[in-house]
Amino acid sequence: MQETTIALSDFISTQVLEPWKGIKKVAREEYFTSGHRTCQGCESALVMKLMAKAAGPRSIILGATGCMYVANTTYYSTPWVVPWMHTQLGSAGSAATGTVAALRAMMRKGKMEEEPINVISFCGDGGGADMGLSAISAALQHTHYNLLIFMYDNESYANTDIQVSGSSPYGANSTFSPPGKVHRIMHRRWKKNTAAMLAAGHPDCKYVATVTAGNAIDTMNKVRRALTIGGPTFIHSLDPCPKGWDYDPKYSHELGELATETGIWPLYEVEEGKVKMYGKSKHIASGAFKRKPVREYLLRQGRFAHFVEEDIDYFQAKVDEMWEKWLVPGVIPFAQA
Ligand SMILES: Cc1ncc(C[n+]2csc(CCOP(=O)(O)OP(=O)(O)O)c2C)c(N)n1
Ligand code: SF4
Ligand SMILES: [Mg+2]
């Protein structure tokens with residue numbers, strides 16, 4: 001069900017989507033339903049379902065190439081109940097701005113009734129954190145366009161069989177970084193800090209947030225906030241992927257939670273320049289919750305099965321640094337020289 005809308009003026013109004021306070025307040029309607037062929041336990045598919053539910057019926061969803069395109073729209077079947085369009089792998093940002101511009105032109109010319117329509121464009125980590133980063137950056141500078149870029153991050157180019165992306169974690173086994181006898185660790189880069197990079201680098205973007213599907217209400221309310229606040233916005237979800245991360249699909253939620261409890265994946269939002277932590281991350285930041293050791297997360301996944309103590313220690317030290325030394329703990333690095 002849609003809530004009140006604010007009056008249209010100069011085509012820049014948004015739907016006012018109040019936060020859902022508790023599970024009983026959540027709408028029953030689904031806009032991402034059966035008809036997809038994602039793997040069992042795929043958190044990215046769950047994220048799509050939450051995102052569409054939170055946005056409601058007067059929404060257009062655009063999707064860049066990747067699992068959430070290919071596995072969701074195969075053989076003329078689709079789970080999308082709202083209008084949906086595929087866009088090229090690096091084009092989530094440009095598809096979003098183009099769609100908003102087209103809607104505004106149609107309304108201005110009287111070819112469509114004037115109404116605020118949510119435009120969400122999603123991409124994977126390969127499509128968003130790597131290939132389409134410049135298009136997303138451009139979209140986040142079009143301050144007069146209301147749109148949400150949603151990056152679902154399964155930490156690999158999953159659809160083409162799990163290649164390393166800029167979002168893959170240090171040391172992970174992938175088809176591009178298999179551990180060998182000469183080099184145990186093939187992927188030596190630390191994961192890109194995409195959400196914070198976009199928040200820090202786009203001062204006119206009013207809303208950037210991180211989520212996991214395990215925190216369903218938090219995820220939906222952040223989508224609703226992003227769509228209500230107006231202007232271009234960005235949400236980054238970390239999505240456990242049983243195939244790429246190599247674990248039993250029944251542990252998807254648990255792994256999402258562990259990512260936050262170990263401090264690897266902080267849940268936060270940056271609204272109009274103010275950082276607010278959520279869930280366990282809030283308690284880690286305040287000192288009320290002691291971060292779990294990263295080994296509890298790493299050793300549950302086959303992609304880290306080749307890790308020895310030295311690798312776990314390195315990973316732990318990097319996460320400790322993020323919480324103990326960063327300018328904004330868990331979010332923004334740098335230290336005063
Ligand atoms: C320009 C271009 N290069 C390569 C491909 C092949 N390709 C299709 S999906 C995909 C993986 C995308 O990874 P990501 O964005 O992380 O989404 P995921 O598959 O992980 O859901 C690739 C490389 C393509 N479709 N277009
Ligand atoms: S490979 Fe991963 S992201 Fe892709 S459909 Fe399977 S579980 Fe989902
Ligand atoms: Mg991916």
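This is a predicted model, so every value here is computed, not measured. (Residues numbered from 1 in each chain as written. Chains lettered and ligands numbered in written order. Predicted model: local features only at pLDDT ≥ 70, side-chain atom pairs only at ≥ 80, totals over all residues.)

Peer 1: Go over the overall build of the chain with me, naming the residues and quoting the values.
Peer 2: In terms of helices and strands, the chain carries 12 helices and 8 strands. In terms of C-alpha radius of gyration, the chain reaches 20 Å, essentially the compact-globule figure of 20 Å for 337 residues. Reported as C-alpha extents along the three principal axes, the dimensions of the chain are approximately 65 × 50 × 40 Å. Counting the 337 residues in the chain, one finds 50% classified as buried. Contacts in the chain between residues at least 24 apart in sequence constitute 69% of all its contacts with a sequence separation of at least 6. (Helix = DSSP H or I, 4+ residues; strand = E, 2+ residues; numbered from the N terminus. Rg over C-alpha atoms; globule rule 2.2 N^0.38 Å. Buried ≥ 20, exposed ≤ 12 C-beta atoms within 10 Å, placed from the backbone. Contact = placed C-beta atoms within 7 Å.)

Peer 1: Go over helix 10 (residues 279–286), please, and point to the residues and values.
Peer 2: Those residues of helix 10 lying buried are K280, S281, I284 and A285. Buried residues of helix 10, seen end-on, are gathered within an arc of 140° and therefore sit on one face of the element. Packed against the buried residues of helix 10 are helix 9 (252–261), strand 7 (268–271), strand 8 (274–277) and helix 12 (309–324). Two residues or fewer after helix 10 comes G287, characterised by a positive phi angle close to 95°. (Arc of directions from axis to C-beta.)

Peer 1: Tell me what's going on with the site of ligand 2, and back it up with residues and numbers.
Peer 2: The full set of residues close to ligand 2 is T38, C39, C42, S44, C67, A71, N154, A158, C241, P242, K243 and G244. Looking at the shell around ligand 2 element by element, the count peaks at 3 residues for helix 8 (residues 242–245). Per-class residue counts for the shell around ligand 2 are 7 nonpolar, 4 polar and 1 charged. (Near = placed C-beta within 6 Å. Nonpolar A, V, L, I, M, F, W, Y, C, P; charged D, E, K, R; others polar.)

Peer 1: An account of the site of ligand 1 is needed here, citing residue identities and associated values.
Peer 2: Around ligand 1 sit 17 residues in total, of which G66, G124, G126, A158 and N159 are the nearest. Sorting the residues of the shell around ligand 1 by element identifies helix 2 (67–70), strand 3 (118–124) and helix 4 (125–131) as the ones contributing at least two each. Of the residues forming the shell around ligand 1, the biggest block, 3 residues, is contributed by helix 4.

Peer 1: Requested: an account of the nonpolar core, with residues and values cited.
Peer 2: One broad rule of soluble globular proteins: the nonpolar side chains tend to lie buried together. Counting 73 residues, the largest nonpolar core has M51 and I149 as its most contacted members. Here this core gets 9 residues from one element, more than from any other, and that element is helix 1 (residues 43–55). For I149, the contacting residues outside a window of four places in its chain are A92, G93, A96, S121, I136, A139 and F234. Grouped together as the second largest cluster of nonpolar side chains are 13 residues, A259, W265, V294 and F304 included. (Core = buried A, V, L, I, M, F, W, Y, C linked by C-beta atoms within 7 Å.)

Peer 1: Requested: an account of the environment of K191, with residues and values cited.
Peer 2: You can see K191 is positioned in the loop between strand 4 (147–153) and helix 6 (194–201). By the C-beta count within 10 Å, which is 20 here, K191 ends up buried. Sequence separation of K191 and T233 is 42 residues, and the distance between their C-alpha atoms is 22 Å. Setting aside anything within four residues of it in sequence, one finds K191 in contact with S167, S168 and P169.

So yeah, pure geometry; function would need other evidence.
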